[in-house]
Amino acid sequence: MLETTTPSTTSPDTSTGVSAWWRALSIFLILVVFIGWALGASMFEQFKSQIHHLEAKLVEIPQVREVSVLLDEAQAPALLLTYDPKNQKLQVQRLNEVKEGRGQSLHVWAITDEDTPRLLGVLTNKYKTQQLDVPTQALESARSLGISVENKDRGPYQGKPQQPWLFKGWLVQKAI
C-alpha cells in the first residue's frame, strides 16, 4: 500500500507573517481607543448635564430691574431697595442702624414726576432685610422712592405721608 504523506502544518505566526507582539500591541491600542472614546462621551454628557443644570438655576435667580439707594439727611446711604419684576418683590435692606419707635412704622413710597407719592408698603419688622409684595404697575412712572415714619395706629392721611421724608433716593432702572 501506498502511503500518502500530508504536508506538515506550519505555525500560524509564519503563515500570516505577523508576530504575536504586534497582535498584542494592536489589541492594546484598540482597547485604549475604546476607553478614550468612552471617557470622552461620558465627559461630554456630564458637560451637557451641567449646562442644563446651570440654565435651570439661572431661571430661578431673581432678576433685579430697579435699584434705589435711599439717603438720610446727611446724604449717607440708609436703605438699599431692589425690585424683582418676575416675583413682584421689593427687597428692602437697611444700611444704617436707625430704628423706628414703638408707635411708629416705616412706610415705603413711590414718588412720580408730579411729586405724587404712592404707598408701596409698610416695613413691619426691624430686621435688616424685608420683602414687600409690590405689583409692577405700582412702580410705573416713579422717579424716586421715599420712606416716611408714620404713626402705627393712624398711618398716612388721605394716601399721603404726614411726616417729611426720612429717607429718599432716585429709582434707577438697570439693564437686565
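The structure under discussion appears in the preceding block.
A brief structural summary. (Residues numbered from 1 in each chain as written. Predicted model: local features only at pLDDT ≥ 70, side-chain atom pairs only at ≥ 80, totals over all residues. Heavy atoms only, no water.)

## Thoughts on a positive patch on the surface
Quick note on the threshold: Each patch is built from residues that are more than 30% exposed by relative accessible area and take part in no salt bridge. Like charges join if they lie within 9 Å; nonpolar side chains (Val, Leu, Ile, Met, Phe, Trp, Tyr) join within 5 Å. Every accessible area reported is derived by Shrake-Rupley at a probe size of 1.4 Å, with residue values counting cover from the shown protein chains alone. By convention in these notes, a salt bridge is any Lys or Arg side-chain nitrogen within 4 Å of a carboxyl oxygen on Asp or Glu. Counting rule for charge: Lys and Arg are taken as positive, Asp and Glu as negative, and neither His nor the chain ends is counted. We put the charge of a Lys on NZ, of an Arg on CZ, of an Asp on CG and of a Glu on CD. Under the scheme used here, helices are H or I runs from DSSP no shorter than 4 residues and strands are E runs no shorter than 2 residues, and both carry numbers assigned from the N terminus.
A surface patch of like charges, here positive, comprises K99, R102, K126 and K152. Among the secondary structure elements, K99 is positioned in the loop between β3 (89-94) and β4 (104-112).

## Looking at the side chain of N96
As a reminder of what qualifies: Note on definitions: a residue-residue contact is assigned when non-hydrogen atoms from the two residues lie within 4.5 Å.
Mapped onto the elements of the fold, N96 is located in the loop between β3 and β4. For N96, the contacting residues outside a window of four places in its chain are P77, A78, K128 and F167.

## Re the pairing of strand β6 (residues 129-133)
Worth spelling out the cut-off: Using a 1.4 Å probe on the protein chains alone, a residue whose accessible area is under 20% of its type maximum counts as buried, one over 50% counts as exposed, and one in between counts as partly exposed. Here the rule is simple: two strands pair whenever DSSP picks up at least two bridges between them.
Here β6 shows one buried face, formed by Q130 and L132, and one open face, formed by T129, Q131 and D133. Pairing of β3 with β6 involves five bridges; the strand directions are antiparallel. Considered in β6, the bridge of L90 is made with L132.

## Section: the packing of aromatic side chains
Which entries qualify depends on this criterion: Pairing of aromatic rings covers Phe, Tyr and the six-membered ring of Trp, with a centre-to-centre limit of 6.5 Å; geometry is then stacked below 30 degrees between planes, edge-to-face above 60, and tilted otherwise.
Summed over the entire model, instances satisfying the criterion amount to three aromatic pairs. Measuring from centroid to centroid gives 6.4 Å for W109 and W165, while their planes differ by 75°, and the two rings are edge-to-face. With a gap of 56 residues between them, W109 in strand β4 and W165 in strand β8 (residues 165-170) connect regions that are remote in the sequence. Taking the relative accessible area as the measure of exposure, W109 reaches 0% and is therefore buried.

## A few points about the environment of F167
By the element assignment, F167 lies in strand β8. When the C-alpha positions of F167 and P77 are compared, they lie 8.9 Å apart, and in sequence the two are 90 residues distant. Leaving out residues up to four positions away in the same chain, F167 has contacts with L70, L71, D72, A78, L79, N96, V98, L145, G146 and I147.

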